[in-house]
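Spelled out, the chains give:
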Amino acid sequence: MNRNELRRADINLLVVFESMMHERNVSRVGEKLFLGQPTISGALGRLRVLFDDPLFIRSGRVMEPTARAEEIFANLAPALDGIAAALSRCQSFDPRTSEATFHVGLSDDVEYALLPRLLRQLRIEAPNTTLIVRRVDQQQMSQRLVNGDISVGISHTLDLPANARRKGLRPIRPMLLRCDNRPGPLGLEEFCRRPHAVVSSMGNAADETDHVLHALGRQRKVVLTVPQFSALPGLLAQSDMLAIVPDYVAKAMASVAGMRVEPAPLQLPAHELSMVWRAAAHNDPGQRWLRARCCTLLCEPIELQVVPKSRPALHNDQALLAAR
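Please read all numbers here as calculations on a predicted model, not as lab measurements.

Enquirer: Where do I start with the overall build of the protein chain in this structure?
Expert: Along its length, the protein chain carries 13 helices and 12 strands. Taking all 324 residues of the protein chain together, 41% fall into the buried category. Total accessible area on the protein chain stands at roughly 18000 Å², and carbon and sulfur atoms take up 52% of it.

This is the structure:
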């Protein structure tokens, strides 16, 4: 096909085709693109004529792509990314008047502790925009980005697709959360003796805390797992249960009556909270503005402290506290 023949192509059809390659289901494509099922079916019919191929064959509830569809998609996906990037450079963005819709993926800890502050700022600076938040975790982030379900995500992240970018926002420091009135911080002995609650979207009763304890020849007793952080304050209230949560979650929960926050009585690994986004949206003015707001509100500046040679090096957490 030469450039003149491109007039026969409808970019809306290509967007439907890309979504179908990701979702493999007509109903889900309709939901994603806010189009009715007859519209999607009609678009698929036009695509089959355009490419002279069935493209998708029904297999149970899934529409499996043909070899020709796979070949087309391999060439089409980067082309659509390039078109989106080129068009975004031609658009201006004024947050005061924009009616843009942003699709954001947040892990549960970020949604609970950091989203309220971000949302308050967005309502002040961009009152006509819409924020659609999807719950993601480190396993789901890559697929959400690839599918186009989100344009930016904030979570602890693992491996990302080649067309994604990443920026570290702040360390995730584990803290101990408790709701009893016993004086003083907990020692390791009582920490292991007391019952524990764990937050896990997958229902796992063991996490990194248990791995660290195992290395020390210790163990704790997990009596409860819940899928989200918002349940913890009510569950820990008037009980002797403990929970290990990220420092920013602990800070948000500290405002709840009776909640106490303190360092854990053992050294736990600190991960990084990251912001990731699709490379195709890197230069989009609206997306750049949103990412800048996220960085401003969620980043934690860390000042480096030079420790004299005559003094012993501090533990990482102690050094961070001393630098504040």
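Enquirer: Explain the sheet that holds strand E4 (residues 130–135) to me, please; I cannot follow it from the model alone.
Expert: To summarise the sheet geometry, strands pair through backbone hydrogen bonds and adopt either a parallel or an antiparallel arrangement. With mixed pairing, the five strands of this open sheet are ordered in space as E4-E3-E5-E12-E6. With partners counted over all chains shown, the strands left at the sheet margins are E4 and strand E6 (164–172), one partner each. Going across the sheet, the axis of each strand differs from the next one's by a mean of 20 degrees, ignoring polarity. Bridge count between strand E3 (residues 101–106) and strand E5 (residues 152–155): three bridges; the pairing is parallel. Bridge pairing links Leu106 to Ile154 in E5. Taken strand by strand, helix H12 (residues 285–298) contacts E3, E5, E6 and strand E12 (271–278), and its axis lies near 40 degrees from that of E3.

Enquirer: What should I look at first to understand the nonpolar core in this one?
Expert: Taken as a class, soluble globular proteins show a tendency for nonpolar side chains to be buried jointly. Judged by nonpolar contacts, the single largest core of 39 residues is most densely connected at Ile154, Leu177, Leu232, Leu236, Val245, Met275 and Leu290. Ranked by residue count, the leading element in this core is H12, at six residues. Once you skip the residues sitting within four places of it in the chain, Leu232 turns out to touch Leu177, Ala197, Val199, Val226, Ala243, Val245 and Met253. One finds Phe17, Ile72, Ala77 and Leu80 within the second-largest nonpolar core, a separate group that totals 21 residues.

Enquirer: I tried to follow unusual backbone geometry on my own but got confused; where do I start?
Expert: Only a minority of non-glycine residues have a phi that is not negative, and only a minority of peptide bonds are not trans. A positive phi angle, near 70 degrees, is found at Leu55, a position not held by glycine. Examined against the element boundaries, Leu55 turns out to sit in the loop between helix H3 (37–51) and strand E1 (56–59). The class for Leu55 is buried, based on a relative accessible area of 0%.

Enquirer: How should the sheet that holds strand E7 (residues 174–178) be read in this particular structure?
Expert: Taking strand neighbours across the sheet as the criterion, the five strands line up as E9-E8-E10-E7-E11 in an open arrangement whose pairing is mixed. Two strands in the sheet have a free side with no partner beyond their single neighbour: strand E9 (221–226) and strand E11 (260–262). Strand-to-strand twist in this sheet, taken as the mean axis angle between neighbours without regard to direction, amounts to 35 degrees.

Enquirer: Just to check I follow, could you spell out H12 for this structure?
Expert: Under the 1.5 Å per step criterion, the end-to-end length of H12 is 20 Å for 14 residues, consistent within 8% with the ideal 20 Å. H12 sits mainly inside the fold: 10 of its 14 residues count as buried. Among all positions in H12, only Gly286, Gln287, Trp289, Leu290, Arg291, Arg293, Cys294, Cys295, Leu297 and Leu298 are buried. Looking at the buried side of H12, the elements it contacts are E3, helix H6 (115–125), E5, E6 and E12. For H12, the N-terminal capping position is held by Asp284, with its side-chain oxygen 3.0 Å away from the main-chain nitrogen of Gly286.

Enquirer: It is not clear to me how the environment of Arg182 should be interpreted in this structure. Could you clarify?
Expert: In this fold, Arg182 is placed in the loop between E7 and helix H8 (188–193). Using a relative accessible area of 38% as the deciding quantity, one classes Arg182 as partly exposed. Non-local contacts of Arg182, meaning those with residues more than four positions away in its chain, are made with Glu190, Arg193, Arg194 and Arg260.

Enquirer: Please clarify how the packing of helix H1 (residues 11–23) against H3 should be interpreted in this entry.
Expert: Packed helices, taken two at a time, are described by the angle their axes make and the gap between the axes. Contact geometry of H1 with H3 gives a least axis separation of 10 Å together with a crossing angle of 100 degrees. When the axes of H1 and H3 are compared, the pair comes out roughly perpendicular. Together, Leu13, Leu14, Val16, Phe17 and Met20 of H1 and Ile40, Ala43, Leu44, Arg46, Leu47 and Phe51 of H3 make up the contact between the two elements. The residue inventory of the contact of H1 with H3, partitioned by class, reads 10 nonpolar, no polar and one charged.

Enquirer: Could you clarify how one ought to interpret the confidence of the model for the protein chain in this entry?
Expert: The predicted coordinates should not be examined in detail at positions where pLDDT is low. In the predicted model, the protein chain carries a mean pLDDT of 83, and 86% of its residues have values of at least 70. Ignoring residues within four places in sequence, the model shows residues 302–324, a span with pLDDT below 50, making 16 contacts including any to other chains.

Enquirer: Is there a simple way to think about the packing of helix H2 (residues 26–33) against H3 in this case?
Expert: In the contact formed by H2 and H3, the axes pass within 9 Å of each other and the chain directions differ by 110 degrees. In terms of axis orientation, H2 runs roughly perpendicular to H3. Of the residues in H3, those in contact with Val26, Ser27, Val29, Gly30 and Leu33 of H2 are Gln37, Ile40, Ser41 and Leu44. Partitioning the contact of H2 with H3 into residue classes produces five nonpolar, four polar and no charged.

What counts, and at which threshold
Residues numbered from 1 in each chain as written. Predicted model: local features only at pLDDT ≥ 70, side-chain atom pairs only at ≥ 80, totals over all residues. Heavy atoms only, no water. Helix = DSSP H or I, 4+ residues; strand = E, 2+ residues; numbered from the N terminus. Buried < 20%, exposed > 50% of the residue type's maximum accessible area, 1.4 Å probe, protein only. Areas by Shrake-Rupley, 256 points an atom, 1.4 Å probe, with all protein chains shown as cover. Pairing = 2+ DSSP bridges. Axes fitted to C-alpha atoms, helices over the stretch in contact; angles between N-to-C directions. Contact = heavy atoms within 4.5 Å. Core = buried A, V, L, I, M, F, W, Y, C linked by side-chain atoms within 4.5 Å. Expected span 1.5 Å × (residues − 1). Polar contact = N/O pair within 3.5 Å; in protein donor to acceptor, adjacent residues only side chain to side chain. Parallel < 35°, antiparallel > 145°, perpendicular 65-115°, else oblique. Nonpolar A, V, L, I, M, F, W, Y, C, P; charged D, E, K, R; others polar. pLDDT = per-residue confidence, 0-100.

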